[in-house]
Amino acid sequence: MRESEIIIAKYYRGFRDHRTYLRKRSAAITVARFVRGWKARKLYKAMLYEKKCIWASGIIRTYFYGWQARKLYRSMVLEKKRKQAATIIAAYFTGWKARKLYRSMVLEKIRFQAAIIIAAYFTGWKARKLYRCMVIEKIRKQAATIIAAYFIGWKVRREYHPKFRKNAAPKIMKFLRLYFRYRYLSTLKNNLPSLSPVDTHWPSSSPMFRKTNNLLKGLYHSWRCKKFRDRCPPEKRAILKEKLQASEVFKDKKSSYPSTVAVPFQSDRVNLNANPKWKKNTGNNNQRIVWADSVLKINRKNGKFVDQELNAVPHILTISDTEMLVLDPKSLLTKYNIDLGDIQRISVSPLKDGVIVFHIRTDKQDKNHQKGDFMFHTEHVVELVAKLLVQAESQQDMSAAVHVSERIAVNFSETPVELHFKRADKDLPQPLLCKRKGAVIDVLV
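Bear in mind the structure is a predicted one, so any value in this text is a computation, not a measurement.

Basis of the calculations
- Residues numbered from 1 in each chain as written.
- Predicted model: local features only at pLDDT ≥ 70, side-chain atom pairs only at ≥ 80, totals over all residues.
- Heavy atoms only, no water.
- Helix = DSSP H or I, 4+ residues; strand = E, 2+ residues; numbered from the N terminus.
- Rg over C-alpha atoms; globule rule 2.2 N^0.38 Å.
- Buried < 20%, exposed > 50% of the residue type's maximum accessible area, 1.4 Å probe, protein only.
- Contact = heavy atoms within 4.5 Å.
- Areas by Shrake-Rupley, 256 points an atom, 1.4 Å probe, with all protein chains shown as cover.
- 1 Å grid on protein atoms, 1.4 Å probe; cavity = no way out; pocket = protein on both sides within 12 Å on 5 of 7 lines; lining within 4 Å.
- Points joined across faces, edges and corners; volume = space filled by probe spheres on them.
- Nonpolar A, V, L, I, M, F, W, Y, C, P; charged D, E, K, R; others polar.
- Phe/Tyr/Trp six-rings, centres within 6.5 Å; stacked < 30°, edge-to-face > 60°.
- Lys NZ or Arg CZ within 6 Å of the ring centre and 35° of its normal.
- Pairing = 2+ DSSP bridges.
- Axes fitted to C-alpha atoms, helices over the stretch in contact; angles between N-to-C directions.
- Parallel < 35°, antiparallel > 145°, perpendicular 65-115°, else oblique.
- Core = buried A, V, L, I, M, F, W, Y, C linked by side-chain atoms within 4.5 Å.
- Expected span 1.5 Å × (residues − 1).
- Arc of directions from axis to C-beta.

A. Quick peek at the overall build of the chain. The helix and strand inventory of the chain stands at six helices and 14 strands. The C-alpha atoms of the chain give a radius of gyration of 57 Å, which is well past the 22 Å a tight globule of 445 residues would have. Considered along the principal axes of its C-alpha atoms, the chain spans approximately 135 × 130 × 60 Å. With 445 residues in all, the chain has 26% of them scored as buried. Pairs at least 24 residues apart make up 53% of the contacts formed inside the chain by residues separated by at least 6 positions. Roughly 33,200 Å² of accessible area belongs to the chain as shown, and the carbon and sulfur atoms make up 60% of that amount.

B. Expanded view of the layout of surface pockets. Looking at the largest pocket, its volume works out to about 360 Å³. What lines the largest pocket is Pro197, Cys225, Phe228, Arg229, Arg237, Leu240, Lys241, Lys243, Leu244, Ser247, Tyr257 and Val261. Looking at the lining of the largest pocket, the elements that each hand over two or more residues are helix H3 (210–231) and helix H4 (234–250). Element by element, the count of residues in the lining of the largest pocket is highest for H4, at six residues. When its residues are assigned to classes, the lining of the largest pocket shows seven nonpolar, one polar and four charged. Put simply, the second largest pocket is a space of about 210 Å³. Together, 13 residues line the second largest pocket, and Ala238, Glu242, Ser267, Arg288 and Lys387 are the ones closest to its centre.

C. Seen up close, the packing of aromatic side chains. For the coordinates displayed, the defined rule picks out 12 aromatic pairs. Ring centres of Tyr179 and Phe180 lie 5.9 Å apart, and the angle between their planes is 50°; on these two criteria the pair is classed as tilted. Exposure remark for Phe180: the relative accessible area of 26% places this residue in the partly exposed category. The structure contains a cluster of three or more aromatic residues connected by ring pairs, namely Tyr336, Phe358, Phe374 and Phe376. Above the face of the Phe265 ring, Lys243 is positioned so that its terminal group lies 3.8 Å from the ring centre.

D. Structural context of the pairing of strand E13 (residues 433–437). In the sheet, E13 pairs with strand E14 (residues 440–444) via five bridges, with the strands oriented antiparallel. When the bridges of E14 are listed, Lys437 appears paired with Val440. The hairpin formed by E13 and E14 contains two residues between the paired strands, and Gly438 there has a positive phi angle of roughly 70°.

E. Molecular detail of the packing of H4 against helix H6 (residues 381–393). For the pair H4 and H6, the least separation of the axes is 9 Å and the interaxial angle reads 110°. With respect to their mutual orientation, H4 and H6 come out roughly perpendicular. From H4, Lys241, Glu242, Gln245, Ala246, Val249 and Phe250 reach across to H6, where they touch Val382, Val385, Ala386, Lys387, Leu389, Val390 and Glu393.

F. A look at the nonpolar core. Of all hydrophobic cores here, the largest spans 31 residues; its most connected members are Leu317, Met324, Phe358 and Phe374. Discounting residues that sit within four places of it in the chain, Met324 has contacts with Leu317, Thr318, Ile319, Tyr336, Asn337, Ile338, Leu340, Ile343, Phe358 and Phe374. Core analysis: the second largest hydrophobic core is formed by 15 residues, Ile298, Val357, Phe412 and Ile441 among them.

G. Structural context of the sheet that holds E14. Spatially, four strands are ordered E11-E12-E14-E13 in an open sheet, and the strand pairing comes out mixed. A strand with exactly one partner marks an edge of an open sheet, and here the two such strands are strand E11 (407–412) and E13. On average, each strand axis in the sheet is inclined to that of its neighbour by 25°, with strand direction left out of account. Pairing analysis gives six bridges linking E11 to strand E12 (residues 415–422), with the strands arranged antiparallel. Bridged to Arg407 within E12 is His420.

H. Up close: H4. When the terminal C-alpha atoms of H4 are compared, their 24 Å separation across 17 residues agrees well with the 24 Å that a helix rising 1.5 Å per residue should span. Here H4 has its buried residues at Glu242, Lys243, Gln245, Ala246, Val249 and Phe250. Down the axis of H4, the buried side of the element spans an arc of 155°, and every buried residue falls inside it. The exposed residues of H4 that point more than 90 degrees off its buried face are Pro234, Leu244 and Glu248.

I. Main features of unusual backbone geometry. Positive phi values are uncommon outside glycine, yet Asn271 reaches one of about 55°. One non-glycine residue with positive phi stands out, namely Leu332, at about 60°. By the secondary structure assignment, Leu332 is in the loop between strand E5 (323–327) and strand E6 (334–339). By relative accessible area, which is 2% here, Leu332 ends up buried.

The values reported here are purely geometric and, on their own, carry no functional implication.
Dropping the structure here:
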């Protein structure tokens, strides 16, 4: 045990003394390093001062030598400029004398050349005059010869022309062309189609008269269409006008249009004229009903859809001569009254749905305009738009355009909402399925 204590004490004293030695050694090295650095910097500053003194004296000598050289150079340059100025003055004076002599020589030469040119022009004019006389004489002789040759040839051809075989072919071709024209027109006369505008039959022709045949076909069709229009009574003309208007707006644009072509349009589908409530509410105003039917009016308060169905209320939509009326289905009282001139645009989708939007003016603040656009659902969209556009032609203050698009921007109580019409991937339990996401409403058809 005593030996272990001695060994531990020995190792500890050795470690302590070694650590103290290392500290003293590091301190001595640091002090010596700082002393050597201080001495080196002191020596460097002394050497640097001595070097700057030598460098300053060298610069002073350099500037002095440069000043002397520049002074000498300036005196030499000044002397050289004086010599050059004398040389330039002499050169200008000599040049002026030379130019004066040259101008006198040039003037003499120009006068001589002018005399030669005038003589040349006069001689040339005389030669050209003589030449023209000779050419005219030659042309006259040639003209007389050519006229005589043409006259003799004409006499010979007139005498022997009937005896040439080549004249037979043009006469035969002319006769055949006349015959083919007569046969074509006679055949066409005997095989003309009926006067019905829907009859597409037309006699064929040879390639020689194909262009004429197409022109006559168009003229004949236009003529029989005019005859058909002249025979039609005013009521049928109005029906055809509505069908034409529907074709111009919806053909190849809306999917439900083909199914409406063969169906006649109706004006009063709810028989308002025979309803005593309608007569009582209108009084003595003999308004002509352009179109009337029961529709679903979509609520414009918030534009939302409740329980995956339209938040819509049944109403009777009536289009008269000058107004669009929204009536209560029971009392037939007018809930909304909009002038046709206030309708700025009509929007429908290209799919098989019954949604129609009437965009009205926003600058009026009465109860008929303050809630925004009117949005209805009806099964007769094509019929409604056609009758409304035909009526608009007679109203000069109405210029409503029809917009067919899958994206329709509407205004619900000054809140912009955009309708997106899409085709559903599966069968729907109702005609429309609507989903609202903020200001966008997806309408699945």
